[in-house]
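Descriptive structure summary
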Amino acid sequence: MVLTRLPQVRTEVVLKQSLLSVALIAALCPVAAQAQLRPQSQVEAQAVGGQGHAQALENGRTKTRARRAKPRPRPQTEATPTPPAPVLPAKGPTWPYFQGAPKGAPAFSLYEALGRPDNFKINGTFRPRIEGINNQFRPVPPNARDDILASFLGTLFVEYDAGPVRFGGELFDSRGYFQRRNSTAAATEINALEIGQLYLDADLSAFTGEGSKSSITAGRQTKNVGSRRLISRQQFRNTINAYTGVSFDWQGANKDRMTLLWFMPHTRLPGDVPGLLDNEIVWDRESLDLQLFGGSYTFANVFGGTFEVYGYGLYEQDAPGFQTRNRRLFTPGARLARAPKPGQFDWDFEGIYQTGLARDTAAITDTRDLDVSAFFVHGEVGYTFDRTWLPRVVLQYDQASGDGSNPNTYNRFDTLFGARRFEYGPTGLYGPIQRANLISPAVRFEVTPSRTWDMFIAYRPFWLDSPTDSAAFTGVRDRTGRSGTFAGQQIEARLRYWLVPDTMLLDTGAAYLIKGDFLRNAPNAPDTGNTFYGYLNTTIFF
């Protein structure tokens with residue numbers, strides 16, 4: 001893989017560690033290696049989410065349909081399901097389940113309207129959303145005390161199947177209106193008219209062993225890997241992570257899976273306030289100045305679920321007009337997981353370590369590299385009752401390291417390009433909790449009464465891992481460490497309902513943040529009350 005202008009001998013050590021991880025993962029595979037599955041559209045990825053047991057149940061049915069269709073891996077789009085949960089039994093579920101994407105043709109199908117062209121796959125989505133926040137938890141100023149945002153996300157996916165090779169592309173259009181000039185809505189919510197995917201996908205199944213499925217994808221693409229905590233395609237956020245590069249996916253006859261990748265992650269533009277307020281159309285940036293590479297290998301049928309090992313390297317450096325923290329990170333991890341199923345326990349345990357070099361800030365005057373040592377752990381145990389409404393109770397625990405007081409090290413965990421809504425609540429104008437400087441248990445109750453609707457309610461208190469670092473994603477910090485470690489408590493609920501089956505999906509939710517001592521007393525904590533946030537969106541599939 002190509003790397004440019006690697007500074008310092010210590011950087012070379014980090015990169016050697018990352019490259020070694022890829023080699024070790026590849027060595028785990030059978031000699032006649034075979035890998036996962038190809039790119040997706042927004043319609044397909046919408047079925048993922050990891051936001052409840054219903055998605056995990058549906059992933060079993062999705063796999064059954066895939067076996068009846070073409071036996072080859074496929075790239076990801078907002079429409080292709082990429083399960084964060086482990087492999088399920090081959091037979092699809094017979095109990096009621098909810099799926100966040102159409103199971104059949106929508107009321108209006110663009111593919112049908114175009115005359116069902118041979119060898120083409122065509123679909124799209126349109127999602128308007130209104131959201132509002134009262135009593136901001138971030139520092140005020142510079143952020144707005146109260147804010148509202150009307151956002152719109154549109155996608156259009158086209159793929160042509162030419163036999164062993166597929167050509168695909170997907171347009172993203174993410175816009176926002178009515179927010180305040182000092183709104184927290186930024187390039188994470190606004191990215192007008194972007195070619196998010198433009199790829200060539202080659203089927204290599206004939207070369208990787210009998211019973212295997214494999215493909216290599218080159219070009220612009222989106223990707224969900226493993227738990228989606230490090231590499232993901234967002235479903236809730238108004239913008240979508242995309243990457244330019246090459247990925248290889250394999251799935252063996254025994255259902256083991258492997259992914260190897262080298263990407264240049266996209267930097268969304270514009271990044272200035274006038275450009276965001278005007279929804280200015282600017283081509284996103286991809287460059288060798290930001291590279292992500294590594295691999296994942298997942299063993300099937302381990303304690304009734306899966307066991308995944310992985311390692312990812314991140315290389316980042318400053319470029320003209322783009323100041324960075326010059327991260328050079330190696331992030332290895334492992335995950336043991338079992339999908340929910342009525343009448344049995346499920347679990348998800350993941351541990352991640354992070355090492356390398358980084359700078360404390362992105363300031364042009366900050367040129368000192370710090371040694372990175374950070375970690376993240378997640379533990380989750382759930383039980384789904386084999387009763388009407390399929391009630392599921394889940395206990396969770398998350399801990400992510402925060403930066404300590406040692407000026408020569410950096411200890412704040414970096415979640416790379418991971419999603420967080422499925423664990424920590426809505427993002428958008430909200431999103432105080434993320435995998436950084438966090439200690440947080442949680443309890444969650446889910447129900448799936450039918451294929452038409454589902455809902456959950458969750459309670460999550462959270463503390464700081466380090467009292468001198470900023471609390472999770474709030475921006476509130478006390479460098480003296482005298483404001484304590486208790487940040488607050490979050491109560492969250494969500495309801496999803498198919499207004500028109502396979503065509504229009506309603507998604508609404510709310511979160512209430514009861515501020516603790518730290519979010520009230522830290523030097524830059526806003527003088528506001530407890531935070532309330534709500535949203536309402538509908539997704540139209542066509």
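Our structure's up above, just so we're on the same page.
Let us look at the structure shown here. (Residues numbered from 1 in each chain as written. Predicted model: local features only at pLDDT ≥ 70, side-chain atom pairs only at ≥ 80, totals over all residues. Heavy atoms only, no water.)

1. Quick look at the nonpolar core
Judged by nonpolar contacts, the single largest core of 46 residues is most densely connected at Leu 230, Ile 231, Leu 292 and Tyr 312. Take this core: its biggest share by element is 4 residues, from strand β12 (residues 370-384). The contacts of Ile 231, once residues within four sequence positions are left out, are Lys 223, Asn 224, Val 225, Tyr 243, Leu 261, Leu 292, Tyr 312, Phe 417 and Gly 418. (Core = buried A, V, L, I, M, F, W, Y, C linked by side-chain atoms within 4.5 Å. Buried < 20%, exposed > 50% of the residue type's maximum accessible area, 1.4 Å probe, protein only. Helix = DSSP H or I, 4+ residues; strand = E, 2+ residues; numbered from the N terminus. Contact = heavy atoms within 4.5 Å.)

2. Quick word on the pairing of strand β3 (residues 165-177)
In terms of strand pairing, strand β2 (residues 147-161) meets β3 through 12 bridges, oriented antiparallel. Paired with Ser 151 across the bridge in β3 is Gly 176. The antiparallel pairing of β2 with β3 creates a hairpin that spans 3 residues between the two strands, and Gly 163 there sits at a positive phi of about 100°. Judged from the 9 bridges that link them, β3 and strand β4 (residues 191-203) form a sheet pairing that is antiparallel. Each residue of the ladder has a partner; that of Gly 168, found in β4, is Tyr 199. (Pairing = 2+ DSSP bridges.)

3. Examining the packing of aromatic side chains
The tally for this structure, following the rule as stated, stands at 20 aromatic pairs. Linked through ring pairs, Phe 137, Phe 236, Tyr 430, Tyr 533 and Tyr 535 together constitute an aromatic cluster. If you follow Arg 129 out to its NZ or CZ, it ends over the ring of Phe 236, 3.9 Å from the centre. (Phe/Tyr/Trp six-rings, centres within 6.5 Å; stacked < 30°, edge-to-face > 60°. Lys NZ or Arg CZ within 6 Å of the ring centre and 35° of its normal.)

4. Details of a nonpolar patch on the surface
Side chains of Phe 385, Val 393, Leu 395, Val 443, Phe 445, Ile 457, Tyr 459, Ile 491, Tyr 512 and Phe 532 sit close together on the surface and give an oily, nonpolar patch of about 840 Å² of accessible area. Mapped onto the nonpolar patch, the elements with two or more residues apiece are β13 (392-400), β15 (438-447) and β16 (453-463). By secondary structure assignment, the location of Phe 385 is in the loop between β12 and β13. (Patch = residues over 30% accessible without salt bridge, like charges linked within 9 Å, V, L, I, M, F, W, Y side chains within 5 Å. Areas by Shrake-Rupley, 256 points an atom, 1.4 Å probe, with all protein chains shown as cover. Salt bridge = Lys/Arg side-chain N within 4 Å of Asp/Glu carboxyl O.)

5. Focus: the pattern of salt bridges
Counted under the stated rule, the structure contains 27 salt bridges. In this structure, Asp 249 and Lys 223 form a salt bridge, with 2.5 Å as the shortest nitrogen-oxygen distance. Remark: Lys 223 occurs in the loop between β5 (213-221) and β6 (243-251) and Asp 249 occurs in strand β6; sequence separation between them is 26 residues. With a relative accessible area of 0%, Asp 249 lands in the buried category. Among the residues examined, Lys 223 registers a relative accessible area of 2% and is labelled buried.

6. A closer look at the pairing of strand β10 (residues 328-338)
Side chains on a regular strand alternate between the two faces of the sheet. For β10, a buried count of 8 out of 11 residues is recorded, marking the element as mostly surrounded by other parts of the structure. Of the strand pairs in this sheet, strand β9 (residues 305-316) and β10 are connected by 10 bridges, and their pairing is antiparallel. Bridged to Tyr 312 within β10 is Thr 331. The hairpin formed by β10 and strand β11 (residues 344-358) contains 5 residues between the paired strands, and Gly 343 there has a positive phi angle of roughly 80°.

7. Some thoughts on the environment of Asp 507
Note that Asp 507 resides in strand β18 (residues 504-515). As a C-alpha pair, Asp 507 and Tyr 497 span 10 residues in sequence and 6.7 Å in three-dimensional space. Dropping the residues within four chain positions of it, Asp 507 is found in contact with Arg 494, Leu 495, Arg 496, Tyr 535, Leu 536 and Asn 537. Only 2.6 Å separates the side chain of Asp 507 from the side chain of Tyr 535, close enough to count as a polar contact. (Polar contact = N/O pair within 3.5 Å; in protein donor to acceptor, adjacent residues only side chain to side chain.)

8. Details of the side chain of Asp 469
Among the structural elements, Asp 469 can be located in the loop between β16 and β17 (486-500). Overall, the relative accessible area of 3% leaves Asp 469 in the buried class. Separated by 2.9 Å, the side chain of Asp 469 and the backbone nitrogen of Asp 403 make a polar contact. Apart from the residues lying within four places of it in its own chain, the contact partners of Asp 469 are Gly 402, Asp 403, Arg 412, Asn 437, Leu 464, Val 476, Arg 477 and Phe 518.

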